[in-house]
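Geometric and topological summary
Now for the letters of each chain:
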Amino acid sequence: LENLQPEIKTLAERLRYEVSVRGKQLGWSEKVARFHFKKNLRRIVTELYVRDNCHPFKATLLVWVQIPMWVCVSLALRNCSIGAAGSEVQEQFSTGGTLWFRDLTAPDSTWILPVSLGLVNLLIVEV
């Protein structure tokens, strides 16, 4: 999208000139000329999006998929870790850790996992 901005700006300037010339020839008011300019600019920009296959919705698609997935996974992990007392899953979580985190139901006092998870997510977003 950013790479298209100079081309869109150039085409918009040329279209503005063409619409003003055509408007003077046909006696359009400022409102009618603005309407035709916006309509044609929208058409041109849509054609550029199709040509370069870079519709703005594609940039937000990952977010609309990732947020509900993150909420569902967070709720599932929370329900597993603080489920009903005496639960089989909770017992497995309390004895199934490794390294410095032996009990997966206890908060991480060293903050290694939350910080590393945040850094990995930041790396994914930046890449």
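Just so we're clear, the structure is a prediction, and the values are computed from it rather than from any experiment.

Rules of the game
Residues numbered from 1 in each chain as written. Predicted model: local features only at pLDDT ≥ 70, side-chain atom pairs only at ≥ 80, totals over all residues. Heavy atoms only, no water. Helix = DSSP H or I, 4+ residues; strand = E, 2+ residues; numbered from the N terminus. Rg over C-alpha atoms; globule rule 2.2 N^0.38 Å. Domains from an automatic or database assignment. Axes fitted to C-alpha atoms, helices over the stretch in contact; angles between N-to-C directions. Parallel < 35°, antiparallel > 145°, perpendicular 65-115°, else oblique. Left-handed = near helix turned anticlockwise from the far one by under 90°. Contact = heavy atoms within 4.5 Å. Nonpolar A, V, L, I, M, F, W, Y, C, P; charged D, E, K, R; others polar.

Moving on, we come to the overall build of the protein chain. Scanning the protein chain for helices and strands turns up five helices and zero strands. In sequence order, the secondary structure elements of the protein chain are arranged as α-α-α-α-α. The globule rule puts the C-alpha radius of gyration for 127 residues at 14 Å, and the 28 Å found for the protein chain is more than 25% above it. Principal axes of the C-alpha set define a box for the protein chain whose edges measure 85 × 25 × 25 Å.

This brings us to the domain arrangement of the protein chain. When the parts come together, some accessible area is lost, and that loss is often what is quoted as the size of the interface. Under the domain assignment used here, the protein chain contains domain 1 (3–54) and domain 2 (59–126). Spacing between the C-alpha centres of domain 1 and domain 2 amounts to 50 Å.

Now for the packing of helix α1 (residues 5–26) against helix α2 (residues 30–52). Running from amino to carboxyl end, α1 crosses α2 at an angle of 150°, the nearest separation of the two axes being 10 Å. The orientation of α1 relative to α2 falls into the category roughly antiparallel. The chirality of how α1 crosses α2 is right-handed. Only A33, F37, N40, L41, I44, V45, L48 and R51 of α2 make contact with α1, whose side of the interface consists of E7, I8, L11, A12, L15, R16 and V19. The residue makeup of the contact of α1 with α2, split by class, is 11 nonpolar, one polar and three charged.

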